[in-house]
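# Geometric and topological summary
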Amino acid sequence: MMKIKLTAFQQPVFREPLENLECTLDMLKENNDTDWILTPECAISGYCQAPVLYQPFTVQVKHVEMAITKIAEKAKELGVGIGIGSSIRGKDTFPYNGILFYNKAGEEVSVYKKRLLTQGWEGGGELHSYLAGHVPSYFYLDEHEQVKASALICNDIWCMPRSAPNGNPYLTIELAKNNVDVLFVASNCNGVEPDPLAKVWNENHLQVFAKEFGFYIVHSNSATSVQHQDTNFLQCSSGIIGPDGNWIAKCKDIGMDSVTAEVEIKPRVTIQKATDAIFSRS
């Protein structure tokens, strides 16, 4: 068994990366007694803000990349690993909706690019802003490379019907087959108008997938709407879910917050051989 402290950030996501930098650095300073932190989707760039397809090279892009570097450096200084949600430029220079993971030594260990971009029946949505990623990303949370982690972003896991007309391919099955122990899910899913049914849908998906596949799930949602406005209704709670599908720790219902939970994990790689089957952690 291995003990790991996991932290979910629930923070406002502004349009300006320098504002997001300041907010994230403040939260980092208050949450240095942990092993791994996750920020919300697009926490640094702003949601569907540069770098995007129609603005691939702007001063704002330079601000985003500078902010990511400063946050990774601060996390290294504090001795914590971090997953940073942001619009990013890939090695091909094209924009993606991604999460960059850095370990305690400040080394980039994973880059995940959102695969199921939101779209309507006739296109649109995030397709206007990003290219889609096509592959999963795996990395380890410990220096002994036993606790395996992966990531998904918002629509990747719950596929709201109006935003995913092609249905849900259940990307979590692929992750379970590859022995993932901890799944990091970053989102920015608060609508302009409150939608209680969307909240039920989103949270049920997190809890059911955690239970079905034995994941620990760390979920970080924005504290603002997709239009970067204040909101008093979050369409999915931020927090940490155990492999029994229950919340271990949950952020408050509105506003900026964070939660940390120390979990005891028995890595899948120590309890089973890799096969095409999916095993329960029990």
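So, here is what we can say about the structure in this document. (Residues numbered from 1 in each chain as written. Predicted model: local features only at pLDDT ≥ 70, side-chain atom pairs only at ≥ 80, totals over all residues. Heavy atoms only, no water.)

## Some points on the environment of Val185
Selection criterion: Counting from the N terminus, the helices are DSSP H or I runs at least four residues long and the strands are E runs at least two residues long. Two residues form a contact once any of their heavy atoms are found within 4.5 Å.
One can find Val185 in strand S8 (residues 182–187). For the pair Val185 and Leu25, spaced 160 residues apart in the sequence, the C-alpha separation amounts to 20 Å. Once residues within four sequence positions are removed from consideration, Val185 is found in contact with Leu38, Leu152, Cys154, Ile157, Leu206, Ile217, Val218, His219 and Ser220.

## Some words on the side chain of Thr118
Along the chain, the position of Thr118 falls in the loop between strand S5 (108–113) and strand S6 (138–140). Contacts of Thr118, omitting those with residues within four sequence positions, involve Tyr47, Gly124, Gly125, Glu126, Leu127, Asn155 and Ser163.

## Quick look at the packing of helix H1 (residues 17–30) against helix H2 (residues 59–78)
How we decide: Angular values range over 0 to 180 degrees, each being the angle between N-to-C directions of two axes fitted as lines to C-alpha atoms, with helices fitted over their stretch in contact. For this classification, under 35 degrees means roughly parallel, over 145 means roughly antiparallel, 65 to 115 means roughly perpendicular, and everything else is oblique. Polar here means any residue outside two lists: the nonpolar Ala, Val, Leu, Ile, Met, Phe, Trp, Tyr, Cys and Pro, and the charged Asp, Glu, Lys and Arg; Gly therefore counts as polar.
With their axes 9 Å apart at the nearest point, H1 and H2 run at an angle of 10 degrees to one another. Between H1 and H2, the interaxial angle falls into the category roughly parallel. Along the contact surface, H1 presents Pro17, Leu18, Leu21, Thr24, Leu25, Leu28 and Lys29, while H2 presents Gln60, His63, Val64, Met66, Ala67, Lys70, Ile71, Lys74, Ala75 and Leu78. Partitioning the contact of H1 with H2 into residue classes produces eleven nonpolar, three polar and three charged.

## Quick notes on the sheet that holds S8
Stated formally: Pairing between two strands is assigned when DSSP locates at least 2 bridges connecting them.
If you trace the six strands from one edge of the open sheet to the other, you get S6-S7-S8-S9-S10-S11, paired in mixed fashion. Looking at strand neighbours, the two that pair on one side only are S6 and strand S11 (247–250), the edges of this open sheet. Neighbour-to-neighbour, the strand axes of this sheet turn through a mean angle of 20 degrees, independent of strand direction. The sheet contact formed by strand S7 (residues 148–153) and S8 spans five bridges and is parallel. For Ala149, the partnering residue across the bridge sits in S8 and is Val182.

## Here's the deal with the nonpolar core
Soluble globular proteins: nonpolar side chains tend toward being buried together. We apply this condition: Residues belong to one nonpolar core when they are buried, are Ala, Val, Leu, Ile, Met, Phe, Trp, Tyr or Cys, and are joined through side-chain atoms within 4.5 Å. Here's how the labels work: a residue is buried when its accessible area is under 20% of the maximum for its type, exposed when over 50%, partly exposed in between, all with a 1.4 Å probe on protein chains only.
Core analysis: the largest hydrophobic core is formed by 50 residues, its most contacted members being Leu6, Leu141, Val182, Phe184 and Leu206. Here this core gets five residues from one element, more than from any other, and that element is S8. Leave out the neighbours within four places in its chain, and Phe184 touches Leu6, Trp36, Leu38, Phe101, Phe139, Leu141, Ala149, Ser150, Ala151, Leu152 and Val218. Formed by 22 residues, the second largest nonpolar core is a distinct cluster that contains Cys23, Val80, Leu100 and Tyr102.

## Thoughts on the pattern of salt bridges
What counts, and what does not: Throughout this description, the term salt bridge denotes a Lys or Arg side-chain nitrogen within 4 Å of a carboxyl oxygen of Asp or Glu.
Scanning the model with the defined rule gives eight salt bridges in all. The salt bridge involving Asp35 is made with Lys104; its shortest N-O contact spans 2.8 Å. With Asp35 in the loop between H1 and strand S2 (36–38) and Lys104 in the loop between strand S4 (95–102) and S5, the pair connects residues that are 69 residues apart, well separated along the chain. Here Arg89 makes a salt bridge to Glu65, at a shortest N to O gap of 2.8 Å. With Arg89 in strand S3 (residues 81–89) and Glu65 in helix H2, this pair connects stretches of sequence that are 24 residues apart. We classify Glu65 as partly exposed; its relative accessible area is 31%.

## Points about a nonpolar patch on the surface
Where we set the bar: Patch definition: residues with relative accessible area over 30% and no salt bridge; like charges joined within 9 Å; nonpolar side chains (Val, Leu, Ile, Met, Phe, Trp, Tyr) joined within 5 Å. For every accessible area listed, the method is Shrake-Rupley and the probe measures 1.4 Å; residues are considered covered only by the protein chains on display.
The grouping of Leu53, Tyr54, Phe94 and Leu131 at the surface amounts to a nonpolar patch, some 360 Å² of accessible area in total. With respect to the helices and strands, Leu53 occurs in the loop between S2 and H2.

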